[in-house]
Amino acid sequence: MFSALWLNRRVAAASEPAGGRPASPAALARRLRERRQQLWLAVDLLIVAWLCWLFDAINNLAPVRQALAERNGNGVLDFERSLRLDPEHALDTWLARHNTLSQLVVFWYENVHIVVTLAVFAWLWWRRDDLLGVMRWTLVIVNLIALTIFWSFPVAPERMLSGGYVDLVARVNHLPVWQFGATALDSNQLCALPSLHIAWATWCAIAVWHMTQRRWLRAIAVTYPFVTTFAVMATGNHYLADAVAGAGITAAVFFALSRRPIRGRLGWQPRVAGGTTAA
């Protein structure tokens, strides 16, 4: 878990902070009258549709390799145990004993990642068009990398393995267990590694950190991936390794795109020195 804090600190230093004030609503309106910006808006709406629906539809075209995914899941657990870093079972069984908290954590797991990611994306469009290009392509590339891994290395979440894990999402939502019904045919059930919940949470933390200098917003940004990590592990859906992989891939892609030549091509240029960045 300390690695996520280290990543956020490295992200803060990955490039020069933007100075000057963010764009105003009037500036956004002027941008949207430009043909080029209208095309980029259409691209970003397609990206949103891809994240919300098309990604899962494409991923489910992969064959369901249940036995392989379970072997890989056990392999991830064995690796964590060799490092004595396997908190998933303890978190899952602890949370299962707290009904109200379980409902809150399941709600967080199911809904917060998409809502926050879309909100940050909209915030970038509204206030920080200079940063939008880097963050847009970071998000796209991270998801393409994840899709490649999901197709080539399916990993079953711990709730599918033996060992006394509780499927809290099924319990809270009163759904049948994963082996029955349409969900048994979904390859998305076997995409634990890396965790896109954590990849997206890390993306949001990076974006918010660079969009504001307000300490309370930055504190929330840093805390958000940790809370989400607890949610995905305690509900039996991801391993600690999944969270580290998701955060690491996002940070690595952002670092790569933040190098000066690439950053310039994507439109992220340092603003006037000495200014402040408002939320």
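Report follows, based on the coordinates. (Residues numbered from 1 in each chain as written. Predicted model: local features only at pLDDT ≥ 70, side-chain atom pairs only at ≥ 80, totals over all residues. Heavy atoms only, no water.)

**A look at unusual backbone geometry**
- Geometrically, the link from Leu193 to Pro194 is a cis peptide bond, its omega value of -5° lying close to zero.
- Following the sequence through the fold, Pro194 ends up in the loop between α8 (168–173) and α9 (196–211). (Helix = DSSP H or I, 4+ residues; strand = E, 2+ residues; numbered from the N terminus.)

**Details of the environment of Phe150**
- Mapped onto the fold, Phe150 is located in helix α7 (residues 129–152).
- The class of Phe150 is buried, set by a relative accessible area of 5%.
- As for Phe150 and Asn59, which are separated by 91 residues in sequence, their C-alpha atoms are 7.7 Å apart.
- Once you skip the residues sitting within four places of it in the chain, Phe150 turns out to touch Phe55, Asn59, Arg65, Cys191, Leu193, Pro194 and Leu196. (Buried < 20%, exposed > 50% of the residue type's maximum accessible area, 1.4 Å probe, protein only. Contact = heavy atoms within 4.5 Å.)

**Thoughts on the packing of aromatic side chains**
- Following the criterion strictly, the structure yields four aromatic pairs and no others.
- Note on Phe254 and Phe255: the rings are 6.4 Å apart at their centroids and 55° apart in plane angle, and the pair reads as tilted.
- The ring of Trp126 has Arg127 lying over it, and the distance from NZ or CZ to the ring centre is 4.8 Å. (Phe/Tyr/Trp six-rings, centres within 6.5 Å; stacked < 30°, edge-to-face > 60°. Lys NZ or Arg CZ within 6 Å of the ring centre and 35° of its normal.)

**What about the environment of Ala245?**
- Positionally, Ala245 belongs in helix α11 (residues 240–257).
- When near neighbours in sequence (up to four residues on either side) are disregarded, Ala245 contacts Leu193 and Pro194.

**Things to note about helix α6 (residues 99–127)**
- Taking 1.5 Å of rise per residue, 29 residues should cover 42 Å, and α6 covers 40 Å from first to last C-alpha, within 8% of that figure.
- At Asn111, α6 shows its largest bend, some 45°. (Expected span 1.5 Å × (residues − 1). Bend = angle between axes of the 7 residues up to and from the residue.)

**Here's the deal with a nonpolar patch on the surface**
- On the surface, Trp53, Leu54, Ile58, Leu61 and Trp151 cluster together into a nonpolar patch covering about 530 Å² of accessible area.
- Per element, the largest residue contribution to the nonpolar patch is three residues, and it comes from helix α3 (residues 35–59).
- By the secondary structure assignment, Leu61 is in the loop between α3 and α4 (66–82).
- Take Leu61: its relative accessible area is 64%, and that puts it in the exposed class. (Patch = residues over 30% accessible without salt bridge, like charges linked within 9 Å, V, L, I, M, F, W, Y side chains within 5 Å. Areas by Shrake-Rupley, 256 points an atom, 1.4 Å probe, with all protein chains shown as cover. Salt bridge = Lys/Arg side-chain N within 4 Å of Asp/Glu carboxyl O.)

**Quick look at the pattern of salt bridges**
- Enumeration according to the criterion identifies four salt bridges in this entry.
- Residues Arg81 and Asp78 are paired through a salt bridge, measuring 3.7 Å at the closest nitrogen-oxygen approach. Of the two residues, Arg81 and Asp78 are both situated in helix α4; the distance of three residues between them amounts to about one turn of the helix.
- Taking relative accessible area as the criterion, Asp78 reaches 46% and is therefore assigned partly exposed.
- Of the charged contacts, one joins Arg128 and Asp130 as a salt bridge, the two residues approaching to 2.7 Å between their closest N and O atoms.
- Where salt bridges share partners, they join Asp78, Arg81 and Asp86 into one cluster.

**A look at the nonpolar core**
- Of all hydrophobic cores here, the largest spans 41 residues; its most connected members are Val120, Leu124, Met135, Leu196, Trp203 and Met211.
- Of all the elements in the fold, those that place two or more residues in this core are α3, α6, α7, α9, α10 (215–234) and α11.
- With 11 residues, the single largest contributor to this core is α9.
- Setting aside residues no more than four positions away along its own chain, Val120 makes contact with Trp203, Cys204, Ala207, Val208 and Met211.
- By size, the runner-up hydrophobic cluster in this structure holds 16 residues, among which are Ala96, Val105, Val169 and Met233. (Core = buried A, V, L, I, M, F, W, Y, C linked by side-chain atoms within 4.5 Å.)

**Description of the packing of α9 against α10**
- The contact between α9 and α10 brings their axes to 8 Å, and the two run at 175°. The pairing of α9 with α10 is recorded here as roughly antiparallel in orientation. Two secondary-structure elements touch here, α9 through His197, Ile198, Ala201, Thr202, Cys204, Ala205, Val208 and Trp209 and α10 through Leu217, Arg218, Ala221, Val222, Tyr224, Pro225, Thr228, Thr229 and Val232. (Axes fitted to C-alpha atoms, helices over the stretch in contact; angles between N-to-C directions. Parallel < 35°, antiparallel > 145°, perpendicular 65-115°, else oblique.)

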